[in-house]
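Listed here are the chains, written in short residue letters.
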Amino acid sequence: MSAISPLREDDNEFATLVRVICGGVFAIWLREVKRAFRDRGQLFGGFSRPIMWVVIMGVGLNPYFRGEVYGEVRFVVPYTYLQFIFPAVIALNILYTSVQAAVSVIWDREFGFLREVLVSPMPRPFILFGKVLGGATVAMFHGSLALVLSYFADVPISSSDILSGLGLMFLLAFGLTSLGVIIANRIRSFEGFGVFSNAVILPLYFCSSSVFPLDPALTAAQTRVVYPDWLVRVVELNPLTYAVDSLRGNFIHFYQFDPRLGPVIMAGMAVLFFGIALAEFRRN
Amino acid sequence: MTSNSSRQSAAFAFSETAGVEVDGLVKRYGTLLALDHVSFNVKSGELFALLGPNGAGKTTLLHILCTILSPDEGRALIAGADVVQQALRARRRLGVVFQEPSLHDRLTVYENLEFHGLVCGVPAELRRKRIDEMLQVVELSDWRERLVRTLSVGMKRRLEIARALIHDSRVLFLDEPTVGLDAQSRARIWRYLHELRQQRQLTLIVTTHYIEEVEQADRVAIIDQGKLLAIDTPSALKSAHGHEVLEVSPINVDVRAEILAQHSGQIVKTSDHHITLKVEDGRFIETFLSAYGSRVRAMTRIEPSLESVFLALTGRAIRDQEASARERTLAFGKQGGEHTR
């Protein structure tokens, strides 16, 4: 056996801490990203989901999207259904991947990884930060996979749209991954991803004005004529609604709400959910 | 000359504080007292074994020393760093090999070590050097670029040991490092540990229930119900608490009944074919032989072992705990949910 390197004496405490935090956040982020790209099932989902929604559902419903209520054309919708649903599909992909990343927290907790970092000199908050950052990056990537279908959806995208879109996607992904971590913390026995999909992802998605416009005539009064009150209320209360609206504004320049609302609510979600997740993580 | 002597004195000062000090540790879970004022010291470079049945407090103790749990009372120092007040510093000085697998399955051998090095703040150059060295020590250099999920159980364990030494760990905790491994892999792991111990002044704290592994420890601590029952070298423990026994097989049931009646006070255990008697003094074997020499089929004199020390102190056999670790491994396999790992 060859000689091994001698032990290093402690150097500057502060320099060590900075090195641990920077290196550690990077390592945890990189692990999340590598792991996601090596998971073929997850990648397949990231590709197939937008294809299903845009090419099948979008194309299928496209002819029926005409502002027609009970057989009578009452208003003119300035967008095709494909264009309308396209930004929402991005949000759906982010939603799935963020929650999937958060589910891995359960595995980390049960099988090792978390223990390994808990006995490392990484301060706790940065462990969670690295984890959420990694999950959000992967989710943002999956969200941007949908952009490939922009041609089919007849959505012209400029490079500045892509840049601002990526920013919005990341903000949304960060908040949703944190939310996923909060939920995962409450799960003691893990029975599979299906529960998450049915209990969290789909309700949030369908109630976010993703597959139908809340107000096709662009008037608040019209909304209540077309849809029952409770549905309108649920959609308005769903924070994801404003994220979808923001993405829609970014890609097809159609806002149902005040354009400032989206980024503010997304940033609020990111801060609030990460804060809660962090408080819980420190307590355990 | 001066620099040489100062280096020596620095090394001396360092080894003085490189061990583990445990002082009056108490941990309660509700009303259950998991650790009851446990105190001991482990010297730098020592191989220290923790022995105790399931639920004895071994894991709780280990988790406190690894800074995962905090104690209710008392304190512990790892290489001079307090595990509560200076947790981050203590963590830079300790390495852990957990009982349950804790590697990243979807990362390669190299990536696992790199991850650990980054998380522990090992500077880039030293990190690369250590990874190469440690892979060589545990003979996994050829497996560097392989995904960890393709490794055998023994190889994974070796990788975990290598990982715990990528940073400047002075104290290495090993929780059942050889459980579930075949004899050859176990011997291999111990060879690496002994080599590393010499080269790096490493303090090793090990829990195991392979009695032959405990025998090679410098000192053994026996824990039960949260209390430290005994702490000494294996030979001192054996002479203090162990006893020599005589295992005899009587030729028929009459002889068996006679021996059982005559030596009722010395019976350690009985089975269908054997009676195990405690050897109380040097002359016992002689007198026993003259009385029953022609009426026993076989007779074996058994030297005191740590197994008998353990039995004498806790009233339980060490082997009792083995099921649990295996159960956990089995449960792990059954879960099989690799998809999200």
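Residues numbered from 1 in each chain as written. Chains lettered and ligands numbered in written order. Predicted model: local features only at pLDDT ≥ 70, side-chain atom pairs only at ≥ 80, totals over all residues.

**Examining the domain arrangement of chain B**
According to the domain assignment, chain B consists of domain 1 (14-232) and domain 2 (243-303). Just the C-alpha atoms count here: the centres of domain 1 of chain B and domain 2 of chain B sit 43 Å apart. (Domains from an automatic or database assignment.)

**Quick look at the interface of chain A and chain B**
Contact residues are listed per partner, giving 35 residues for chain A and 37 residues for chain B. When residues of the side of chain A that touches chain B are traced back to their parent elements, those giving at least two are α1 (13-38), α3 (81-110) and α4 (113-118) of chain A. No other element matches the 11 residues that α1(A) contributes to the side of chain A that touches chain B. Of the residues belonging to the side of chain A that touches chain B, the class tally is 16 nonpolar, 10 polar and nine charged. (Contact = placed C-beta atoms within 7 Å. Helix = DSSP H or I, 4+ residues; strand = E, 2+ residues; numbered from the N terminus. Nonpolar A, V, L, I, M, F, W, Y, C, P; charged D, E, K, R; others polar.)

**Concerning the packing of helix α5 (residues 124-145) of chain A against helix α6 (residues 159-186) of chain A**
Residue and element names in this part refer to chain A. Closest axis-to-axis distance for the α5/α6 pair is 8 Å, and the angle between their directions is 130 degrees. Relative to α6, the element α5 is oriented oblique. The crossing of α5 and α6 is right-handed. Residues Val132, Gly135, Ala136, Ala139, Met140, Gly143 and Ser144 of α5 lie in contact with α6, whose contacting residues are Leu166, Met169, Phe170, Ala173, Phe174, Leu176, Thr177, Ser178 and Val181. The class makeup of the residues in the contact of α5 with α6 is 11 nonpolar, five polar and no charged. (Axes fitted to C-alpha atoms, helices over the stretch in contact; angles between N-to-C directions. Parallel < 35°, antiparallel > 145°, perpendicular 65-115°, else oblique. Left-handed = near helix turned anticlockwise from the far one by under 90°.)

**A few points about α1(A)**
Its 26 residues give α1(A) an end-to-end C-alpha distance of 37 Å, which sits within 8% of 38 Å, the value for a rise of 1.5 Å per residue. Among the residues of α1(A), those classed as buried are A:Val20, A:Gly23, A:Gly24, A:Val25, A:Ala27, A:Ile28, A:Trp29, A:Arg31, A:Glu32, A:Arg35 and A:Ala36. Those residues of α1(A) hidden inside the fold are in contact with α2 (40-61), α3 and α5 of chain A together with α4 (109-119) of chain B. (Expected span 1.5 Å × (residues − 1). Buried ≥ 20, exposed ≤ 12 C-beta atoms within 10 Å, placed from the backbone.)

**Some details on unusual backbone geometry**
Residue and element names in this part refer to chain B. Notably, Ala79 is not glycine yet its phi reads approximately 45 degrees, a positive angle. Residue position: Ala79 is located in the loop between β4 (73-78) and β5 (81-82). Judged by C-beta crowding, with 22 C-beta atoms within 10 Å, Ala79 ranks as buried.

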